[in-house]
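# An overview of the molecular structure
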Amino acid sequence: MARGLTQEALAELVGRTVEAVSNIERGRTFPTIETLEQLGYSLGVPVQQFFEGAEPNVDDQRYILEGKLRDIGRQLSLEDLEIAVEQLKVFIRFKARVQ
């Protein structure tokens, strides 16, 4: 509701049925980890927020960016993904030297 989404819209975003979303909302069923990840990504919140005792100061922007990075990685071939990982390693080493 806070995001202005209906159950129908949320169900479509996470690839589940409206009934499944409704059952999760009412605590009648427990979502899989994959569904939790998709819910978090679709709602723009860290998965940790779905659990009691979650850290209240989780950096939401970092979570969103890591999700985008994961999504980009899934679009790459294995060879291109290996290249991207190596490029990130070089970037990290460069940043460490500059700082």
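Conventions used here
Residues numbered from 1 in each chain as written. Predicted model: local features only at pLDDT ≥ 70, side-chain atom pairs only at ≥ 80, totals over all residues. Heavy atoms only, no water. 1 Å grid on protein atoms, 1.4 Å probe; cavity = no way out; pocket = protein on both sides within 12 Å on 5 of 7 lines; lining within 4 Å. Points joined across faces, edges and corners; volume = space filled by probe spheres on them. Helix = DSSP H or I, 4+ residues; strand = E, 2+ residues; numbered from the N terminus. Nonpolar A, V, L, I, M, F, W, Y, C, P; charged D, E, K, R; others polar. Buried < 20%, exposed > 50% of the residue type's maximum accessible area, 1.4 Å probe, protein only. Arc of directions from axis to C-beta. Core = buried A, V, L, I, M, F, W, Y, C linked by side-chain atoms within 4.5 Å. Contact = heavy atoms within 4.5 Å. Axes fitted to C-alpha atoms, helices over the stretch in contact; angles between N-to-C directions. Parallel < 35°, antiparallel > 145°, perpendicular 65-115°, else oblique.

Now for the layout of surface pockets. Rolled over the atoms, a probe sized like a water molecule indicates the empty space that remains. Put simply, the largest pocket is a space of about 450 Å³. In this structure, the largest pocket is lined by 17 residues; those nearest its centre are L10, E25, L39, L43 and F50. Taken together, the elements giving at least two residues each to the lining of the largest pocket come down to α1 (7-14), α2 (18-25) and α3 (33-43). Its residues assigned to classes, the lining of the largest pocket comprises 13 nonpolar, two polar and two charged.

Among the residues of α1, L10, A11 and V14 are the ones counted as buried. All buried residues of α1 project into a common sector of 100° when viewed along the axis, lining one side. Positive backbone phi, at 70°, marks G15, one or two positions downstream of α1.

Another point: the nonpolar core. Of all hydrophobic cores here, the largest spans five residues; its members are L10, A11, V14, V21 and L39. Here this core takes three residues from α1, the largest share from any one element. Contact partners of L39, with chain neighbours within four places excluded, come to L10, V14 and F50.

Attention now moves to α3. Burial in α3 covers these residues: T35, L36, L39 and G40. Down the axis, α3 shows its buried residues gathered within 135° of arc, on one side only. Exposed positions of α3 whose direction lies more than 90 degrees from the buried face are I33 and E34. With its phi angle positive at about 70°, G44 sits one or two positions after the end of α3.

Relative orientation of the contacting elements α1 and α2 amounts to 105°, with a least axis distance of 8 Å. Viewed along their axes, α1 and α2 adopt a mutual orientation that is roughly perpendicular. Residues Q7, E8, L10, A11 and V14 of α1 form the contact with α2, whose own contacting residues are V18, V21, S22 and E25. For the contact of α1 with α2, the class distribution of residues is five nonpolar, two polar and two charged.

Scope: geometric values only; no functional claims are made or implied.
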